[in-house]
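Take a look at the letters that make up each chain.
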Amino acid sequence: MNIIDAAHKTVHAYPGGSESLAPRIGMSAAVLRNKVNPNNTTHHLTLAEASEIMAKTGNDSVLHALAAEHGYTLSKTEASPSGSLIGSLLAASGAKGDLADLIADAMEDQRITPNEASAIAQHCSRLQAIFAELAQHAAAAAAKDAP
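Worth saying up front: this structure is predicted, and the values here are computed from it rather than measured. Just so you know, the residues in each chain are numbered from 1, in the order the chain's sequence is written. Only residues with pLDDT of at least 70 get local features here, since the model is predicted, and only at 80 or more are side-chain atom pairs given and counted; chain-wide, interface and lining totals rely on the full set of residues. Based on all heavy atoms of the structure, the side-chain values leave hydrogens and waters out of the count.

Chemist: Summarise the packing of helix H6 (residues 85-106) against helix H7 (residues 114-145); cite the residues concerned and give the values.
Modeler: As a rule, the C-alpha atoms of each element are fitted with a line to give its axis, helices using only the stretch in contact, and angles between N-to-C directions run from 0 to 180 degrees. Comment: elements are numbered from the N terminus, with helices defined as DSSP H or I runs of at least four residues and strands as E runs of at least two. It is at 9 Å that the axes of H6 and H7 come closest, and there the two elements cross at 165 degrees. In terms of orientation, H6 lies roughly antiparallel with respect to H7. Considering only the axes of H6 and H7, their crossing is left-handed. Looking at the contact of H6 with H7, its residues break down into 17 nonpolar, three polar and five charged. Note on angle classes: values under 35 degrees are labelled roughly parallel, values over 145 roughly antiparallel, values of 65 to 115 roughly perpendicular, and the remainder oblique. Rotating anticlockwise by less than a right angle from the far helix to the near helix defines a left-handed crossing, while the corresponding clockwise rotation defines a right-handed one. Note on residue classes: Ala, Val, Leu, Ile, Met, Phe, Trp, Tyr, Cys and Pro are nonpolar, Asp, Glu, Lys and Arg are charged, and everything else, Gly too, is polar.

Chemist: An account of the pattern of salt bridges is requested, with residue identities and associated values reported.
Modeler: Should their charged atoms come close, side chains of opposite charge can pair. Every case where a carboxyl oxygen of Asp or Glu lies within 4 Å of a side-chain nitrogen of Lys or Arg is listed as a salt bridge. If you walk through the whole model with that rule in mind, you get three salt bridges. The residue Glu-19 makes a salt bridge to Arg-33 at a minimum N-O spacing of 2.9 Å. Note that Glu-19 is positioned in helix H2 (residues 17-24) and Arg-33 in helix H3 (residues 29-36), a separation of 14 residues in sequence. Between Arg-111 and Asp-109 there is a salt bridge; the shortest N-O distance is 3.9 Å. You can call Arg-111 partly exposed: its relative accessible area is 48%. Overall, the relative accessible area of 42% leaves Asp-109 in the partly exposed class. A simple rule labels every residue: compare its accessible area, found with a 1.4 Å probe on the protein chains alone, to the largest value its type can have, and call it buried under 20%, exposed over 50%, or partly exposed in between.

Below is the structure:
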């Protein structure tokens, strides 16, 4: 799905459609309908408006469509509010070691099967989540130490 179609579907799938969503993002329903109308060439959503729509609706289809148009896939990472910077660093180090073991085991026969590739991809996603948590703990530590 392209980003224009994703925006249109996001707005119209929202309970009450554009009539209900538009006031929540500070515009009229008619303007919002025009901005997400795939056949309209004069009105377009800004990035800030698209972000606000995703936040209000809880629907990230536009973000996924944008990523897909550029050859990316997304997965949401949610860092744990508990834990520490050092704990996250140790978890990342351990997970990197686990990934190395997984790849070494998969390469024993000099080929990667689809199941092995899937397991590697899942582990890489896990690492991304751990790294995001590590970054959030670093930011929290910096904010705590700021004057």
